[in-house]
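Residue strings, one per chain:
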Amino acid sequence: MTSELPSQTALTAAAARAAHLVVDAEPHIFVDPLAAQLLGDRAQELLAYHELHGEHPVLAGARAQVTCRSRITEDLVDGFDRYVVLGAGLDSFAYRSAGVEVVEIDRPATQEWKRRALERAGMAVPENVTYLSSVDQLAQAGRTLVSWLGVTMYLTAGELEHTLAALPPCELVVDHMLPEGLRDAAGNAYVEAVAPVAAGHGEPWRSFLSPDEMAALLDRHGFAVVRHRWQRDVPGMLDRTDALRPAALSVITHARHRLS
């Protein structure tokens, strides 16, 4: 990762969302029509991997991972005054939806990349969207849903605690990688293949949490679990005709702060 580019994780997650619409059969788990545009001049290169090798378990696993967590989260947005995307990367919700205040929190370099990509696509950052560079800048404002996806595995225990302590009372959707003993064969194979590559890009995986461990972590910061969701729980993930298969790789946890 360089200071001028989004993280490799942000790029590959957006590529997986974009490729899902090209490589995988209907019903689509999640539809993100802007993902390819936000990849800018990296789109052709990153999508080619999926187009040429879409049935590879790692690439199919990546598409399942990102589409499931996005589907579960965005299905919850209606009814909230504000939607906060923590570790926003190249998330496109704010540029294809209206009616809710959106706050994106990420590195300024990633936000600048996104601004340029939007400009090339003939779009601009809407007036209802705010960019912040730190969760510490987030103030309490109305009924808030926070999305924290594809991030926790990169953080230390201390960084996880700090982030949760900084959040105002809200509802939260967070995904977390499972420890080895709770993963199935597909989940273990994914971790064994992807974690070393992520480390090579300067983004090592540091945290693996069971549902009970995540619940305890959230409880220390005033959150109670509403529900843990697995890939198999996501509408459309079972009985597919393409390469997507639900894996015990990660869990998506919906929690609510006791003061929200």
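So, here is what we can say about the structure in this document. Predicted model only: the values in this text are computed from it and were never measured.

A pair of packed helices is captured by two measures, namely the crossing angle of their axes and the spacing between those axes. Interaxial distance between helix α1 (residues 8–23) and helix α4 (residues 57–74) falls to 8 Å at its minimum, and their mutual angle equals 95 degrees. For the element pair α1 / α4, the angle class is roughly perpendicular. Across the interface between the two elements, A13, A16, R17, A19, H20 and V23 from α1 touch A62, R63, V66, T67, R69 and S70 from α4.

With that out of the way, let us pick up unusual backbone geometry. The residue after E26, namely P27, is reached through a cis peptide bond having omega 5 degrees. As for its placement among the helices and strands, P27 is situated in the loop between α1 and α2 (35–38). A positive phi angle, near 55 degrees, is found at D239, a position not held by glycine. Assignment of secondary structure puts D239 in the loop between β6 (223–229) and β7 (250–257).

Let us now look at the packing of aromatic side chains. Considering all chains together, one arrives at 2 aromatic pairs under this definition. Between Y83 and F93 the ring centres are 4.8 Å apart and the planes differ by 70 degrees, which places this aromatic pair in the edge-to-face class. One end of the pair, Y83, is in strand β1 (residues 82–86); the other, F93, is in helix α5 (residues 93–96), with 10 residues separating them in the sequence. Owing to a relative accessible area of 1%, Y83 belongs among the buried residues under this scheme. The ring of F80 carries R143 above its face, with NZ or CZ at 4.1 Å from the centroid. Seen from the ring of W230, R232 lies directly overhead, with NZ or CZ sitting 4.9 Å from the centre.

Spatially, β3-β2-β1-β4-β5-β7-β6 is the arrangement adopted by the 7 strands of the open sheet, whose pairing is mixed. Across the chains shown, the open sheet's two edge strands, defined by having one partner strand only, are β3 (129–132) and β6. Sheet twist, expressed as the average angle between the axes of neighbouring strands with direction ignored, equals 20 degrees. Pairing of strand β4 (residues 144–148) with strand β5 (residues 171–177) involves 4 bridges; the strand directions are parallel. From the neighbouring strand, W148 faces β5, where its bridge partner is V174. Contacts between helix α6 (residues 108–120) and the sheet are confined to β2 (101–105) and β3, with β3 contributing the most and set at about 145 degrees to the helix.

About the thresholds
Residues numbered from 1 in each chain as written. Predicted model: local features only at pLDDT ≥ 70, side-chain atom pairs only at ≥ 80, totals over all residues. Heavy atoms only, no water. Axes fitted to C-alpha atoms, helices over the stretch in contact; angles between N-to-C directions. Helix = DSSP H or I, 4+ residues; strand = E, 2+ residues; numbered from the N terminus. Parallel < 35°, antiparallel > 145°, perpendicular 65-115°, else oblique. Contact = heavy atoms within 4.5 Å. Phe/Tyr/Trp six-rings, centres within 6.5 Å; stacked < 30°, edge-to-face > 60°. Buried < 20%, exposed > 50% of the residue type's maximum accessible area, 1.4 Å probe, protein only. Lys NZ or Arg CZ within 6 Å of the ring centre and 35° of its normal. Pairing = 2+ DSSP bridges.

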